[in-house]
Amino acid sequence: RLRAILTTPAAQLVLLDTPGIHKPHHLLGERLVKTARSTIGDVDVVLLLVDGSQAAGRGDGYIVELLRHCRVPVHVALNKHDLVDPAEAEALATSYRALLEGRGDFASPTPQPPLDWPLHPVSALTGEGTDGLVAALSAQLPEGPHLYPPDAVSDQPEQLLMAELIREQVLSHTREEVPHSVAVSIDRVVDDGPRTAVLATVLVERASQKGILIGKGGRMLRTIGAGARLQMEKVFSGPVYLELFVKVVPGWRRSAARLAELGYRGD
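Remember, it's a predicted structure, so these values are computed and weren't measured experimentally.

Most of strand β4 (residues 74–79) sits out of view: 6 of its 6 residues are buried. Here β4 shows no split at all, with Val74, Val76 and Leu78 on one side and His75, Ala77 and Asn79 on the other all buried. Note that strand β3 (residues 46–51) and β4 share 6 bridges and pair parallel. By the bridge assignment for β4, Val50 is matched with Leu78. After leaving β3, the chain enters helix α2 (residues 58–67) and then returns to the sheet as β4, a path that is right-handed. Two strands pair when backbone bridges link them, and β4 and strand β5 (residues 119–121) are joined in this way by 3 bridges, in the parallel orientation. Looking across to β5, one finds that Leu78 is bridged to Pro121.

At a minimum axis distance of 5 Å, the contact between helix α6 (residues 207–214) and helix α7 (residues 219–236) shows a crossing angle of 65°. By the angle between their directions, the pair α6 and α7 is classed as roughly perpendicular. Here Ile212, Leu213 and Ile214 of α6 come into contact with α7, specifically with Arg219, Met220, Leu221 and Ile224. When its residues are assigned to classes, the contact of α6 with α7 shows 6 nonpolar, no polar and 1 charged.

What follows is about the nonpolar core. Core analysis: the biggest nonpolar cluster contains 21 residues, and Ile166, Ile186, Val202, Leu213, Met232 and Leu244 have the highest contact counts within it. Only α5 (158–173), β6 (183–191), β7 (196–204), α7 and β8 (240–248) provide two or more residues apiece to this core. Considering every element that reaches this core, the biggest residue donor is α5, with 5 residues. Counting residues in each nonpolar core, the second largest holds 18 residues, with Ile40, Val46, Leu67 and Phe106 among its members.

With that out of the way, let us pick up unusual backbone geometry. For Lys80, which is not glycine, the phi torsion reads 65° and is therefore positive. Among the structural elements, Lys80 can be located in the loop between β4 and α3 (86–101).

If you walk through the whole model with that rule in mind, you get 5 salt bridges. Two residues, Lys80 and Asp51, come together in a salt bridge whose shortest N-O distance is 3.8 Å. Here Lys80 is found in the loop between β4 and α3, whereas its partner Asp51 is found in strand β3, with 29 residues between them in sequence. The class for Lys80 is partly exposed, based on a relative accessible area of 37%. Residue classification places Asp51 among the partly exposed residues on the basis of a relative accessible area of 30%. Glu90 is paired through a salt bridge with Arg97; the nearest N and O atoms lie 2.9 Å apart. Take Arg97: its relative accessible area is 32%, and that puts it in the partly exposed class.

Moving on: the sheet that holds β8. Read from one edge of the open sheet, 3 strands run β6-β7-β8, paired in mixed fashion. Strands at the two margins of the open sheet, each flanked by one partner only, are β6 and β8. Averaged over all neighbouring strand pairs, the angle between strand axes comes to 15°, with direction disregarded. Here β6 pairs with β7 via 8 bridges, running antiparallel. Bridge pairing in β7 links Arg188 to Leu199. Running over the sheet, α6 touches β7 and β8 and is turned about 155° from β8. Across the sheet, α7 is in contact with β7 and β8; its angle to β8 comes to roughly 135°.

We now examine the packing of α5 against α7. In helix packing, the relevant descriptors are the interaxial angle and the interaxial distance, both defined with respect to the helix axes. Axis separation between α5 and α7 bottoms out at 9 Å; the angle between their running directions is 140°. Put simply, α5 runs oblique to α7. Regarding α5 and α7, the two cross each other, and that crossing is right-handed. On α7, the residues that touch Glu158, Met162, Leu165, Ile166, Gln169, Val170 and His173 of α5 are Met220, Thr223, Ile224, Gly227, Ala228, Gln231, Met232, Val235 and Phe236.

Okay, the side chain of Ser123 next. Residue placement: Ser123 occurs in the loop between β5 and α4 (130–138). Judged by its relative accessible area of 0%, Ser123 falls in the buried class. Only 2.7 Å separates the side chain of Ser123 from the side chain of Asp82, close enough to count as a polar contact. Excluding residues that lie within four positions of it along the chain, Ser123 makes contacts with Asn79, Lys80, His81, Asp82, Glu128 and Thr130.

About the thresholds
Residues numbered from 1 in each chain as written. Predicted model: local features only at pLDDT ≥ 70, side-chain atom pairs only at ≥ 80, totals over all residues. Heavy atoms only, no water. Buried < 20%, exposed > 50% of the residue type's maximum accessible area, 1.4 Å probe, protein only. Helix = DSSP H or I, 4+ residues; strand = E, 2+ residues; numbered from the N terminus. Pairing = 2+ DSSP bridges. Right-handed = clockwise from strand over helix to strand, strands pointing away. Axes fitted to C-alpha atoms, helices over the stretch in contact; angles between N-to-C directions. Parallel < 35°, antiparallel > 145°, perpendicular 65-115°, else oblique. Contact = heavy atoms within 4.5 Å. Nonpolar A, V, L, I, M, F, W, Y, C, P; charged D, E, K, R; others polar. Core = buried A, V, L, I, M, F, W, Y, C linked by side-chain atoms within 4.5 Å. Salt bridge = Lys/Arg side-chain N within 4 Å of Asp/Glu carboxyl O. Left-handed = near helix turned anticlockwise from the far one by under 90°. Polar contact = N/O pair within 3.5 Å; in protein donor to acceptor, adjacent residues only side chain to side chain.

Given below as structure tokens:
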């Protein structure tokens, strides 16, 4: 569970970014879903984040039913509002209202009481609507002291943040089968004064995936590395030298020992 920290004049929000809830097909998927489910019982407010540029679907309905008996307030963020045609905005929002109210395509053979969860159209890209969302979440937090310093943005170890930044670039630049079969291991970090040197390995399950990640003449791997390095320099406020390798580890998502090494312990 990744924790992001946002401190405003009104509140300090500790945002737990859980894995997406899905039907697991291997041990990694089982552990990710277990982590997401357990997080729901540990928080003061739940934020359901959906792609608001698309109408509500059956997958959204599955998660709504999972959250139906949640004992804390639930808010729904309709992300990607910047992609929504104004003429279609109301129809898209209506599809999510129908989902929460159990109407139309979402009607259940066993009627359920409607859910009065607020909908928040937002855009992570432009920031539209995010101030209102933060205010709505803050209003439902319990009173208490700050848990982190005001300038903290995460409580994660630097190596985990580095691995996530690399993995983010893989997700951004590759398609289909590769992202879900990728893990990143930070093998070595050397701080030699003005520059931080990082040696990392990207793990995949098949040789074909390795070829996709490396690309013709190493072009794709250089693109991934350049993007990750720029993000690392923003986070760590200094120059970064990043060297990436790609390694094939067949079936790593099904290996309990390999998952434990990568931090997916399922606890």
